[in-house]
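Okay, here's what each chain looks like letter by letter:
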Amino acid sequence: MNEPTTTQRRHFGTDGMRGRVGDPPITPDQILKLGWAAGRTLARGDGTRGERPAVLIGKDTRISGYLLEAALEAGLSAAGVDVYLCGPLPTPAIAYLTRALRLSAGIVISASHNPFADNGIKFFSGGGAKLPDDVELDIEREMDAPLVCAPAADLGKAFRVGDAPGRYIEFCKSTFPNELDLRGCKIVVDCAHGAGYHVAPPVFHELGAEVIAVGDAPNGTNINAEVGATHPAYLAEQVRAHGADYGVALDGDGDRLVMADHDGRLYDGDQLLYVIARDYQRRGVLRGGVVGTLMSNLGFEQALSRMGIRLLRAKVGDRYVLEQLLARGWHLGGENSGHLICLDKHTTGDAIIAALAVLRALIEQRTTLAEAASPVTLFPQRLINVPVQRGFDWRASETVTSAERVAASSLGTAGRVLLRPSGTEPVLRVMVEARDRSLADAHAETIAHAIAAAAGQAL
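Residues numbered from 1 in each chain as written. Predicted model: local features only at pLDDT ≥ 70, side-chain atom pairs only at ≥ 80, totals over all residues. Heavy atoms only, no water.

**Observations concerning the state of the cysteines**
Cysteine pairs can be covalently joined through their sulfur atoms, and such a bond is termed a disulfide.
Okay, so step 1: By the definition in use, this model includes zero disulfides.
Okay, so step 2: There is no disulfide at cysteine 185, and the cysteine sulfur nearest it, in cysteine 191, is 17 Å away.
Okay, so step 3: Take cysteine 342: it sits in no disulfide, and the sulfur closest to it among the cysteines is that of cysteine 172, at 12 Å.
Okay, so step 4: The class for cysteine 342 is buried, based on a relative accessible area of 3%. (Disulfide = S-S within 2.5 Å. Buried < 20%, exposed > 50% of the residue type's maximum accessible area, 1.4 Å probe, protein only.)

**Describing unusual backbone geometry**
Okay, so step 1: Of the consecutive residues proline 24 and proline 25, the connecting peptide bond is found in the cis state with omega at 5°.
Okay, so step 2: As for its position among the elements, proline 25 is in the loop between β1 (17-20) and α1 (28-47).
Okay, so step 3: In this structure, alanine 192 takes a positive phi of about 60° despite not being glycine.
Okay, so step 4: Summarising the element assignment, alanine 192 is placed in the loop between β7 (186-190) and α6 (200-206).
Okay, so step 5: Residue class for alanine 192 comes out buried when judged on its relative accessible area of 0%. (Helix = DSSP H or I, 4+ residues; strand = E, 2+ residues; numbered from the N terminus.)

**Looking at the nonpolar core**
Here is a general trend for soluble globular proteins: nonpolar side chains tend to be buried in one another's company.
Okay, so step 1: Counting 69 residues, the largest nonpolar core has Ile187 and Phe204 as the members making the most contacts within it.
Okay, so step 2: Residues in contact with phenylalanine 204, not counting those within four places in the same chain, are Leu182, Ile187, Val189, Ala209, Val211, Val248, Ile352, Ala355, Leu356 and Leu359.
Okay, so step 3: Of all hydrophobic cores here, the second largest spans 28 residues; its members include Leu34, Ala79, Ile107 and Leu131. (Core = buried A, V, L, I, M, F, W, Y, C linked by side-chain atoms within 4.5 Å. Contact = heavy atoms within 4.5 Å.)

**Thoughts on the sheet that holds strand β2 (residues 54-59)**
Okay, so step 1: Spatial strand order, β1-β5-β4-β2-β3-β6: six strands in an open sheet with mixed pairing. The open sheet has two edge strands, β1 and β6 (158-160), and neither has a second partner. The average angle at which neighbouring strand axes cross in this sheet is 20°, direction not considered.
Okay, so step 2: Inspection of the sheet shows β2 paired to strand β3 (residues 82-88) by six bridges, in the parallel sense. Opposite isoleucine 57, over in β3, you have leucine 85 as the bridge partner.
Okay, so step 3: Each of β2, β3, β4 (105-109), β5 (118-125) and β6 is contacted by helix α2 (residues 64-78), which is oriented at about 170° to β2, the strand it contacts most.
Okay, so step 4: Contacts from helix α3 (residues 91-100) reach β2, β3, β4 and β5 within the one sheet, and its direction differs from that of β4 by about 165°. (Pairing = 2+ DSSP bridges. Axes fitted to C-alpha atoms, helices over the stretch in contact; angles between N-to-C directions.)

**Concerning helix α7 (residues 232-242)**
Okay, so step 1: Among the residues of α7, Leu235, Ala236, Gln238 and Val239 are the ones counted as buried. Considered in projection along α7, the buried side chains sweep an arc of 165° and stay on one side of the axis. Exposed and facing more than 90 degrees away from the buried side of α7 are Ala233 and Ala241.
Okay, so step 2: Positioned one or two residues after α7, glycine 243 has a phi angle of 60°, which is positive. (Arc of directions from axis to C-beta.)

**Considering the pairing of β7**
Okay, so step 1: Among the five residues in β7, four count as buried, and that is most of the element.
Okay, so step 2: Bridging between β7 and strand β8 (residues 210-214) involves five bridges; their strand directions are parallel. Paired with valine 189 across the strands is alanine 213, a residue of β8.
Okay, so step 3: Once the chain exits β7 it traverses α6 before rejoining the sheet at β8, and the crossover so formed is right-handed.
Okay, so step 4: Here β7 pairs with strand β9 (residues 246-250) via four bridges, running parallel. Following the sheet pairing, isoleucine 187 is matched in β9 by tyrosine 246. (Right-handed = clockwise from strand over helix to strand, strands pointing away.)

**Things to note about the pattern of salt bridges**
Okay, so step 1: All told, the structure shown has 24 salt bridges when counted by the stated rule.
Okay, so step 2: One salt bridge connects lysine 122 with aspartate 253, and the closest N-O pair in it is separated by 2.7 Å. Linking lysine 122 in strand β5 with aspartate 253 in the loop between β9 and β10 (257-260), this pair joins segments that are 131 residues apart in sequence. When sorted by exposure, lysine 122 lands in the same class as aspartate 253, which is buried.
Okay, so step 3: Residue lysine 173 is joined to glutamate 206 by a salt bridge in which the shortest nitrogen-to-oxygen separation is 2.7 Å. Note that lysine 173 is positioned in helix α5 (residues 164-174) and glutamate 206 in helix α6, a separation of 33 residues in sequence.
Okay, so step 4: Its relative accessible area of 17% is what places lysine 173 among the buried residues. (Salt bridge = Lys/Arg side-chain N within 4 Å of Asp/Glu carboxyl O.)

As structure tokens, then:
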């Protein structure tokens, strides 16, 4: 199974622009130019309505956020765009506030789950959704133009949004039923030393839970460092140590969720999305089916099928999940990595809101997380990243395509093979899924060696 190709973009990947700080494109000059290009693109749209464009900028807790925030602010101001600054807040908070404040766009400075030395830029439209590909392409084209500063009287101004954290906390709480609360629940909340450190614990506490906050002391360099959704073993350890009922782990920018039960057993995005979908179906509010991605586990798909719920696979990336949800008028979608979208509650993936949806299902059904997720038997997956030259066309190699065909034929309906280029680094990702882990390992390694040979790279 192959991921469909998209129009080639030079700067933007599947989730904005990302890289190591100091290396192109994450350099002060290029981010300033990006802010200017984005401002010019937005100004054209708002100018037709006679409005002065205004953009919200939020960030995670990386030390480089200060540098990139200043560069973006300068570029936007030079393009004649007003800037609203809210400091460290989760990515979904920026989406919400952009919509609530009726702004032209939102910009998040974050590299999500990456190490602190990386950073990135991603955009939201005025409606709180990821920018469409064509708008990102317009911004890329504008970046090739010479930077021309707006007249002095037309330069953008900057404002501070002082009540941003409190507004987002109230928004998250509003997605939980008024007649329910979390009294009697002890919850470990792992904030990954990231953007959710000062908003996620209060949400669960104010709904009545006893909260043990961990990963809530960011220092600029410890984001995602052995904590959070990308290192869930720490969450499991903390749940067991504190005798908690549940564990909730966010990633650095607060849009990815992993949960744990009282035994410290971990649940990924596919399992959590199943619990939410089953609850929506139970309550009669499920619209259509569920949108996953090419990486969604086959066991998840089969569990949904047994409930009469269709799984539609989108390209990898929550932006593409959202596109399919909007196109079909469906509500639920996500990735096994933990990006979960409840479109009846928010316009983008939100770890806090998804966790509340899971907890609602468990409370109303008087069940445990283990019982609610038990119909999902995840197939073992083997993932290998094979270094390749940028632009490497693996489809043109008979060695690679032959290895892929053999694996797919051998697995039949009891497994899957997926090859896809990374949107952020020069690697070809190989994923093989099978009922038997040894089969997944063997086929993945065979395909990976075929790719390495064809690309002339060491594996």
